[in-house]
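A closer look at the structure
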Amino acid sequence: GGGVSINPFPSPAIALDASGALKSEHLNFLLVLTNLLLNNTGADMQAALHSQILQAGLQLCYAPRTAADGAPTYQTLATVLEGMKGSVTDRDRLERVRTLLSGFLDSPDSRFFKNASNVVADAPFVIFDLHGIDGLAPQTREALVFLTTQYVKRVAFEEEGISYVVLDEVAQLLRRPELRALVDELYSTARKHRTSVWTVTQNYGSYVQSGLHETIKLNSTTQLFLSHATAADVREHIAEDFNFNPREVALFERLVTRKGQYSEALIRTQCVDARGRKEPVTAHLRIELSPFDYELATSDAADRARQRLWVEKNPGVPLAVILEKLAEQRAKQRAAGRAR
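This text gives an overview of the structure that appears in the document. (Residues numbered from 1 in each chain as written. Predicted model: local features only at pLDDT ≥ 70, side-chain atom pairs only at ≥ 80, totals over all residues. Heavy atoms only, no water.)

**Considerations on unusual backbone geometry**
How we decide: Note on conventions: DSSP H or I runs of at least 4 residues are helices, E runs of at least 2 residues are strands, and numbering of each starts at the N terminus. Type-normalised accessible area, obtained with a 1.4 Å probe on protein chains alone, sets the label of each residue: buried when under 20%, exposed when over 50%, and partly exposed for intermediate values.
Phi at Asn 39 is positive, roughly 60°, even though this residue is not glycine. Even without being glycine, Glu 169 reaches a positive phi, approximately 50°. Secondary-structure assignment places Glu 169 in the loop between β1 (163–167) and α7 (170–173). Classification of Glu 169 as partly exposed rests on a relative accessible area of 34%.

Rendered as structure tokens:
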């Protein structure tokens, strides 16, 4: 609903090799995605023949004359397929592929893919929010998940420097086979590529049922546990799964959260001593946000209602400015409370 569009076709400068041919990794990516969008995912001969026509069309999208204006789009592919009538022997099959593409372009969900990108996918901080995709057509859901996983893999395995991948509400993500495979691959190999991977969950039961918790546990060097003061059974389960020693069990049981003030946490990590040896470290932390960070992060219903009220009363004022004003109020309230 946010009007977001991501054109999956890379620019010719990225997609073509030194000889001017479409690189195999980009061709395979576009072919898999296009087959998903057109629902051409069967294992029969007809689907394979449709894929051959699509493959030829995708390659022609990057012909020198066609690609002169920059990155192609699915509208470009439709034009290319129209122009293939004189060179394809099986015109009936070509017409079938054109019908599939036309049906996709006319569908409401095509808005995600058919136009030029209006998001900065190579920005230093990018969020993919998959909430709500269950209401889309099955092939659109699969295509969006495929796009997301390919983007994350590029960040994790191909980009230079140190990268961070944070998977929030991972128990929900792990319901999808593609994302289970992505998490497994990230935790098994990403560290070699200088990528730090974090998984966050509030539903430990569903997380364990995914079957990946052992892989994550074995390949993680740092674990952070928040308070489970009202869930003794889950607390016991976590302590057993992570082999807590008696001190860690005691610290974990004493963790508390003071709403609007702070959260306590148990961190288990590794530190390097003066001799370069790794040693396990467990510490009890208190996490207290600044007033602005609190306004930015809060999910409390009353806090969010107050923020919405300010937005409605101050149309056109940037949200960051409104949060700063609310943060100032919160800071004064904290100071007044301490004075009392």
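Now that the structure has been shown, we can carry on.
**As for helix α8 (residues 177–189)**
What counts here: In this scheme, a helix's expected span is set at 1.5 Å multiplied by one less than its residue total. Within this analysis, the arc is defined by the directions that extend from the helix axis to the C-beta atoms. The contact rule is simple, with two residues in contact once any of their heavy atoms fall within 4.5 Å.
In this model, α8 (13 residues) spans 18 Å end to end at C-alpha, consistent with the 18 Å of a helix rising 1.5 Å per residue. For α8, the set of buried residues is Leu 179, Leu 182, Val 183, Leu 186 and Tyr 187. Along the axis of α8, the buried residues cluster in a sector spanning 120°; they form a single face. Tucked into the core, α8 has its buried residues touching α6 (138–157), β1, α7, β2 (195–199) and α10 (213–219).

**Some details on the pattern of salt bridges**
For the record, the criterion: Salt bridges are identified by distance alone: a Lys or Arg side-chain nitrogen within 4 Å of an Asp or Glu carboxyl oxygen.
All told, the structure shown has 18 salt bridges when counted by the stated rule. Residues Glu 82 and Lys 85 are paired through a salt bridge, measuring 3.3 Å at the closest nitrogen-oxygen approach. For Lys 153, the salt bridge is made with Glu 185, and the minimal N-O distance between the two is 3.3 Å. You can see Lys 153 sitting in helix α6 and its partner Glu 185 sitting in helix α8, a full 32 residues away along the chain. Residue class for Lys 153 comes out partly exposed when judged on its relative accessible area of 27%. Judged by relative accessible area, which is 31%, Glu 185 ranks as partly exposed. Each member of the salt-bridge network shares a partner with another, and the members are Glu 82, Lys 85, Glu 95 and Arg 98.

**Considering helix α14 (residues 301–313)**
Put simply, the rule is: Distance and chemistry together define a polar contact, namely a pair of N or O atoms within 3.5 Å, with one atom able to donate a hydrogen and the other to accept it when in protein, and with adjacent residues in sequence counting only for side-chain atoms on both sides.
Here α14 contains 13 residues, and its C-alpha end-to-end distance of 18 Å stays within 8% of the 18 Å for a straight helix at 1.5 Å per residue. The opening residue of α14, the one whose side-chain oxygen lies 3.1 Å from the backbone nitrogen of Ala 302, is Asp 300.

**Things to note about the packing of helix α2 (residues 24–37) against helix α3 (residues 45–60)**
Note the cut-off: A fitted line through C-alpha atoms represents every axis, and for helices the fit uses only the stretch in contact; the resulting angles, taken between N-to-C directions, go from 0 to 180 degrees. Roughly parallel means an angle under 35 degrees; roughly antiparallel means over 145; roughly perpendicular covers 65 to 115; every other angle is labelled oblique. By definition, any crossing whose near helix is turned counterclockwise from its far helix by less than a right angle is left-handed, and any crossing with a clockwise turn is right-handed. Under the scheme applied, nonpolar residues are Ala, Val, Leu, Ile, Met, Phe, Trp, Tyr, Cys and Pro; charged residues are Asp, Glu, Lys and Arg; polar residues are all the others, including Gly.
At a minimum axis separation of 10 Å, α2 and α3 run at an interaxial angle of 130°. Taken together, α2 and α3 sit at an angle that is classed as oblique. As α2 runs across α3, the sense of the crossing is right-handed. Of α3, the residues touching α2 (which contributes Leu 27, Leu 30, Leu 31, Thr 34 and Asn 35) are Ser 51, Leu 54, Gln 55, Leu 58 and Gln 59. When the residues that make up the contact of α2 with α3 are grouped by side-chain class, the tally is 5 nonpolar, 5 polar and no charged.

**Some thoughts on the side chain of Thr 298**
Mapped onto the elements, Thr 298 comes out in the loop between α13 (291–297) and α14. Thr 298 gets classed as buried once you look at its relative accessible area, which sits at 8%. A polar atom in the side chain of Thr 298 sits 3.1 Å from the backbone nitrogen of Asp 300.

**Describing a nonpolar patch on the surface**
Worth spelling out the cut-off: Each patch is assembled from residues with relative accessible area greater than 30% and no salt bridge, linking like charges that lie within 9 Å and nonpolar side chains (Val, Leu, Ile, Met, Phe, Trp, Tyr) that lie within 5 Å. Here the Shrake-Rupley method, with its probe set to 1.4 Å, supplies the accessible areas, and only the displayed protein chains count as covering residues.
There is a patch of nonpolar side chains on the surface, built from Ile 162, Tyr 164, Val 166, Trp 198, Val 200, Leu 224, Leu 226, Leu 285, Ile 287 and Leu 289 and spanning about 890 Å² of accessible area. When contributions to the nonpolar patch are tallied by element, the ones reaching two or more residues are β1, β3 (223–226) and β6 (278–287). With respect to the helices, strands and loops of the structure, Leu 289 is situated in the loop between β6 and α13. Using a relative accessible area of 33% as the deciding quantity, one classes Leu 289 as partly exposed.

**Here we look at the packing of aromatic side chains**
Filter applied, for reference: Between rings of Phe, Tyr and Trp, where Trp is taken as its six-membered ring, a pair exists when centres lie within 6.5 Å; planes separated by under 30 degrees are stacked, by over 60 edge-to-face, and by other angles tilted. Throughout this description, the term charge over a ring refers to an Arg CZ or Lys NZ atom that lies within 6 Å of the ring centre and within 35 degrees of the ring normal.
Within this structure, the stated rule accounts for 11 aromatic pairs. An aromatic cluster is built from Phe 9, Tyr 74, Phe 104, Phe 112 and Phe 113, whose rings are joined through pairwise contacts. Sitting over the ring of Phe 242, Lys 217 keeps its end group 5.7 Å from the ring centre. The aromatic ring of Tyr 262 is capped on one face by Arg 286, whose charged end is 3.7 Å from the ring centroid.

**A few points about the packing of α2 against α6**
Their axes nearest at 8 Å, the elements α2 and α6 cross at an angle of 160°. With respect to their mutual orientation, α2 and α6 come out roughly antiparallel. Residues Phe 29, Val 32, Leu 33, Leu 36 and Leu 37 of α2 pack against Gln 139, Glu 142, Ala 143, Phe 146, Leu 147 and Gln 150 of α6. For the contact of α2 with α6, the class distribution of residues is 8 nonpolar, 2 polar and 1 charged.

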